[in-house]
Amino acid sequence: MRRALLIAAFAALSLPAQAFAHATLERTSPSFEQRLSNSPRTVTLRFDQYIERLPYAIQLYSTHGELRVPRIRAQGRDLIASVPKLRRGAYTIRWHALSGDGHVVSGVFTFGVRAKAPAPTEAFGASGPTRTENVVRWLYFLSLALVVGGLGFRLLVARRRLPDRFFALTGIGVFATLNVGIAAFVLRAEDALQLPFGRLLYGDLSPIAHTRFGAAFTAMTLGFAAVGALVFLAWLTDRDVFLGPAFLIALGFVSGLSLSGHSAADAGASWKSELADWAHLSAACLWIGGLVQLVVVVWPLLPELRRPAMLAFSRLATVCVGVLLLAGVYLAILRLPQVSDLWTTGYGRILLVKVGLVALAFAWGGVHKLRAVPVVARDGTVRRLRASLAGESMVGMIVLLVAAFLVNAKPPT
Amino acid sequence: MQPPAEHVHWLFATGLLLLGLCLLAEAVVGTEVWRRRAWRAYLWPGLAFALGVFMWPVMTFYTNSTIHMLAHGAWAEVLMLAGAVELALVRGKLHHPAWRLAMASAFLVSGAAFLVHEQNAWLFQRSAFLHHLLGWTLVLAAVFPLVRSVRPRSQTAAAGFALTFVVLAVFLYCDRDVAPVFGHISPLAGPPHR
């Protein structure tokens, strides 16, 4: 009897049915960000399982506010709302449904009637990046600097095996990049969906995943997971051959931010602005991440490498500063067509703060290049150079903080 | 175009089954015999690490809910980290005995992720049942890697550790969501549609 029960239990568990714990949106009409030539008569949401209608199951918003939806009905797997005749413009749909498993699932998407639909991250009610998002963006920059700058330092500056602390720093950078990326994505989704945390847990993030931002999140997560695996293999097998591909992948996938930010999405964006943005970010990562390696790994652990590392890093930093300046000036001209925009717009004022801090960092780096490097080349060391290098990297990190605010601000163009 | 979620579950179930069978073979023949070929020592930790790497696409492509995304992210990290630590221990890169607690911690974190991401009662539907079962199995089975960390030669701990993966694989092969649990089906689930 007991054996029969066990066999029955196993057979019952093995029978196929369907996947996912709660209702998943399969398709919508209009579809995500669709541009319609005429006003739709209905808005239809098709789920993968039966759903129950909730009050305010479908809410329709124009750019001016909520529109009345006269009738909403649940029909099997479909949730259907009759909509009034819509004028030309962008519209936002916020939906909620009681899933077969008892969870309230929610989501948002946009469409346009004879007009371009905004991304769901710019749906009606979304307030744009918050202060928390700015801090998360900063942490993202810092972790990218640890990875890209660390690997760049090993391959372009040190050119020899570095102690385990290098791998630990780079590994922390990869781990942070993955987790901070997830936090950034969820925070963006929270703003787009306009849901309290408990409901956000069952929010449908797929419309956000389909935006440029979402595609960048997907690509960067996968890219940096691969980077993490390669860095780990290099450490485990003592074969630095894995670090080259890791560096190239990291450098390539940093472009995710450039391909989903102002340089790709705003007016005037082109491949040139995307390339400039990527070069700007990559140079900053190489510079700041390299400084961290110099201060945390080379100075305390490898006294014999101080001199050659300092000289080689000085050359790399000079190139990075040149790229930073060229790309930065080009992007500033692109985003601020009027010089007066620098002090009349919020974006311009943040840029001014950033330029001031960058000037301080460049001056600090210049002192190292012109005063410290010749002494190191001659005598091998300079008193308190490590502390001074740490100071320069701290200023670089503060520049990244301001850059995070700048990236999340809206340029006037 | 995404594969159905159950296919992904089956793929990972296959990975866990292979991992469990490797561990079971080691438990049966003994570590000395199992490691006569040096590469065998890296087999199961390498599989765990690879499963972690392959969990990332699951996290990024299945974004139908935040909680699923976060849970899959947690499993990806835990599998990668636990696999990496075991690989490093085999390779001799890590020596401190505390590292041996990594697998027990991974079990606890994975189990907690299963239990937290399932908010329905045990008998609500099959997925709820299996998520509770998977979660509690992992939490309770954490005792096996814990014992292994203090008594590496314990046959019971080795066999229990290996069988845990086999059992987890069977559960994952069975994971379908709004299907009935032993005849029960939620009235909210509606009639099956495929």
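Residues numbered from 1 in each chain as written. Chains lettered and ligands numbered in written order. Predicted model: local features only at pLDDT ≥ 70, side-chain atom pairs only at ≥ 80, totals over all residues. Heavy atoms only, no water.

**Quick word on the overall build of chain B**
The line we're drawing: Helical segments are the DSSP runs of H or I of at least four residues, strand segments are the runs of E of at least two, and each set is numbered from the N terminus. Burial classification: accessible surface area is computed with a 1.4 Å probe over protein chains only, and a residue below 20% of its type maximum counts as buried, one above 50% as exposed, and the rest as partly exposed.
In terms of helices and strands, chain B carries 8 helices and 0 strands. N-terminal to C-terminal, the α/β element order of chain B is α-α-α-α-α-α-α-α. Counting the 194 residues in chain B, one finds 55% classified as buried.

**Some words on the overall build of chain A**
As a reminder of what qualifies: By definition, residues are in contact when any of their heavy atoms lie within 4.5 Å. Working definition of accessibility: Shrake-Rupley area with a 1.4 Å probe, residue cover restricted to the visible protein chains. Charged-residue counts in this description rest on Lys and Arg as positive and Asp and Glu as negative, His and the chain ends being excluded. In plain terms, the charge of a residue is placed at NZ if it is Lys, CZ if Arg, CG if Asp and CD if Glu.
Broken down by element type, chain A carries 14 helices and 9 strands. A fraction of 73% describes how many contacts in chain A between residues 6 or more apart in sequence connect residues 24 or more apart. Working note: accessible area of chain A is about 18,300 Å², and carbon and sulfur atoms make up 63% of it. Averaged over its 42 positive side-chain charges, chain A has a centre that lies 3 Å from the centre of its 22 negative ones.

**A few points about a nonpolar patch on the surface**
All names here are of chain B. Rules: Only residues whose relative accessible area exceeds 30% and that form no salt bridge are eligible for patches; like-charged ones are grouped when within 9 Å, while nonpolar side chains (Val, Leu, Ile, Met, Phe, Trp, Tyr) are grouped when within 5 Å. Salt bridge, as used here, is a side-chain nitrogen of Lys or Arg placed within 4 Å of a carboxyl oxygen of Asp or Glu.
A grouping of Trp122, Leu123, Trp136 and Leu140 is seen on the molecular surface, where their side chains present a nonpolar patch of about 430 Å² in accessible area. Mapped onto the elements of the fold, Leu140 is located in helix H6 (residues 126–141). Look at Leu140 and you get exposed, because its relative accessible area is 61%.

**As for the domain arrangement of chain A**
Residues and elements named next belong to chain A. Heads up, the condition is: Note that domain bounds follow an automatic or database assignment of domains. Simply put, the buried area is the total loss of 1.4 Å probe accessible area from both parts when two parts are fitted together. The term polar contact refers here to a pair of N or O atoms within 3.5 Å; inside protein, the definition further demands a hydrogen-donor-capable atom paired with an acceptor-capable atom, and it admits residues adjacent in sequence only when both atoms are side-chain atoms.
Taken as a whole, chain A is organised into domain 1 (16–122) and domain 2 (131–408). The straight-line distance from the C-alpha centre of domain 1 to that of domain 2 is 39 Å. Taken together, both faces of the contact between domain 1 and domain 2 bury some 1,300 Å²; the carbon and sulfur share is 63%. The largest share of the area that domain 1 buries against domain 2 comes from Phe32, Ser106 and Thr121, three residues that together contribute 37% of it. Inspection of the domain 1/domain 2 interface yields 5 residue pairs in polar contact (both at pLDDT 80 or more). Put simply, the parts of the chain that give the side of domain 1 that touches domain 2 at least two residues each are strand E8 (89–98) and strand E9 (104–113). Top contributing element to the side of domain 1 that touches domain 2 by residue count: E9, with 5 residues.

**What to know about the packing of aromatic side chains**
For clarity, the threshold we go by: Ring geometry is summarised as follows: Phe, Tyr and Trp rings, the Trp one being its six-membered ring, pair when their centres sit within 6.5 Å, and such pairs are stacked at plane angles under 30 degrees, edge-to-face over 60 and tilted between the two.
Applying the stated criterion across every chain yields a total of 17 aromatic pairs over all chains. Between Phe32(A) and Phe109(A), the aromatic rings sit 5.7 Å apart at their centres with planes inclined by 45°, giving tilted as the arrangement. Here the residue Phe32(A) occupies a position in the loop between strand E1 (25–29) and strand E2 (34–36), and Phe109(A) occupies one in strand E9, the gap between them amounting to 77 residues. Residue classification places Phe32(A) among the partly exposed residues on the basis of a relative accessible area of 28%. Since its relative accessible area comes to 1%, Phe109(A) is described here as buried. On the basis of an interplanar angle of 75° and a centroid distance of 5.7 Å, the ring pair of Trp122(B) and Phe129(B) is categorised as edge-to-face. Given the relative accessible area of 33%, Trp122(B) is considered partly exposed.

**So, the sheet that holds strand E7 (residues 78–82) of chain A**
Residues and elements named next belong to chain A. Put simply, the rule is: Pairs of strands are assigned from DSSP output, requiring at least two bridges between the strands. An axis is simply a line fitted to the C-alpha atoms; with a helix, the fit covers only the stretch in contact. Between two such axes, the angle follows the N-to-C directions and lies from 0 to 180 degrees.
Here 4 strands make up an open sheet; going across it, the order is E1-E3-E7-E6 and the pairing antiparallel. Whereas interior strands pair on both sides, the edge strands pair on one side only; in this sheet they are E1 and strand E6 (71–75). When strand polarity is set aside, the average angle formed by the axes of neighbouring strands in this sheet is 15°. Direction of pairing for strand E3 (residues 42–47) relative to E7: antiparallel, over a ladder of 5 bridges. When the bridges of E7 are listed, Thr42 appears paired with Ser82.

**Points about the environment of Gly322(A)**
As for its position among the elements, Gly322(A) is in helix H11 (residues 306–335). C-alpha of Gly322(A) to C-alpha of Arg371(A): the two residues are 49 residues apart in sequence and 19 Å apart in space.

**Topic: the packing of helix H7 (residues 143–150) of chain B against helix H8 (residues 155–174) of chain B**
All names here are of chain B. So the rule is basically this: For any helix crossing, the convention is left-handed if the near helix is rotated counterclockwise from the far helix by under a right angle, and right-handed if that rotation is clockwise. Residue type decides the class: Asp, Glu, Lys and Arg count as charged, Ala, Val, Leu, Ile, Met, Phe, Trp, Tyr, Cys and Pro as nonpolar, and the leftover types, Gly among them, as polar.
Two elements in contact, H7 and H8, have axes separated by 8 Å at closest approach and are oriented at 145°. Note on packing geometry: the crossing formed by H7 with H8 is left-handed. Of the residues in H8, those in contact with Phe144, Pro145, Val147 and Arg148 of H7 are Thr156, Ala157, Ala158, Gly160, Phe161 and Thr164. Grouping the constituent residues of the contact of H7 with H8 by class yields 6 nonpolar, 3 polar and 1 charged.

**So, the sheet that holds strand E5 (residues 66–67) of chain A**
All names here are of chain A. Here we have 5 strands laid out as an open sheet, ordered E2-E9-E8-E4-E5, and mixed in their pairing. Unpaired on one side and paired on the other, E2 and E5 mark the two borders of the sheet. Relative to E8, strand E4 (residues 52–61) is paired through 6 bridges, and the arrangement is antiparallel. For Ile58, the partnering residue across the bridge sits in E8 and is Trp95.

**Re the side chain of Thr63(B)**
Inspection of the secondary structure assignment puts Thr63(B) in the loop between helix H3 (43–61) and helix H4 (66–91). For Thr63(B), the contacting residues outside a window of four places in its chain are Asp204(A), Leu205(A), Ser206(A), Ala209(A) and Met69(B).

**Points about helix H1 (residues 5–29) of chain B**
Note the threshold: An expected span of 1.5 Å times one less than the residue number is assigned to each helix.
For H1(B), spanning 25 residues, the distance from its first C-alpha to its last is 36 Å, which sits close to the expected 36 Å at 1.5 Å a residue. Where H1(B) ends, the next residue or the one after it, Gly30(B), has phi of about 95°, a positive value.

**Some words on unusual backbone geometry**
One can expect most non-glycine residues to show negative phi and most peptide bonds to be in trans. All names here are of chain A. At the junction of Ser29 and Pro30, the peptide bond is cis and its omega measures out at 0° in the coordinates. Along the chain, the position of Pro30 falls in the loop between E1 and E2. The phi dihedral of Arg159 falls on the positive side, at around 55°, and the residue is not glycine. Relative to the assigned elements, Arg159 resides in the loop between helix H2 (131–158) and helix H3 (164–193). For Arg159, a relative accessible area of 63% translates into the label exposed.

**So, a positive patch on the surface**
Residue and element names in this part refer to chain A. On the surface, Arg35, Arg41, Lys85, Arg88 and Arg114 cluster together to form a positively charged patch. As for its position among the elements, Arg41 is in the loop between E2 and E3. A relative accessible area of 74% places Arg41 in the exposed class.

**Points about the confidence of the model for chain B**
Note the threshold: Each residue gets a pLDDT score, which is the predictor's confidence in that residue and runs from 0 to 100.
Looking at chain B as a whole, its pLDDT mean stands at 89, while 90% of the residues score no less than 70. For chain B, H6(B) is the element with the lowest average pLDDT, namely 91, and H3(B) is the one with the highest, namely 96.

**What about the environment of Ser39(A)?**
Residues and elements named next belong to chain A. Within the secondary structure layout, Ser39 lies in the loop between E2 and E3. Remark: the alpha-carbon pair of Ser39 and Arg114, spanning 75 residues in sequence, is separated by 8.5 Å. Aside from chain neighbours lying at most four places away, what touches Ser39 is Pro84, Lys85, Leu86 and Val113. At 2.8 Å, the side chain of Ser39 and the backbone nitrogen of Leu86 are in polar contact.

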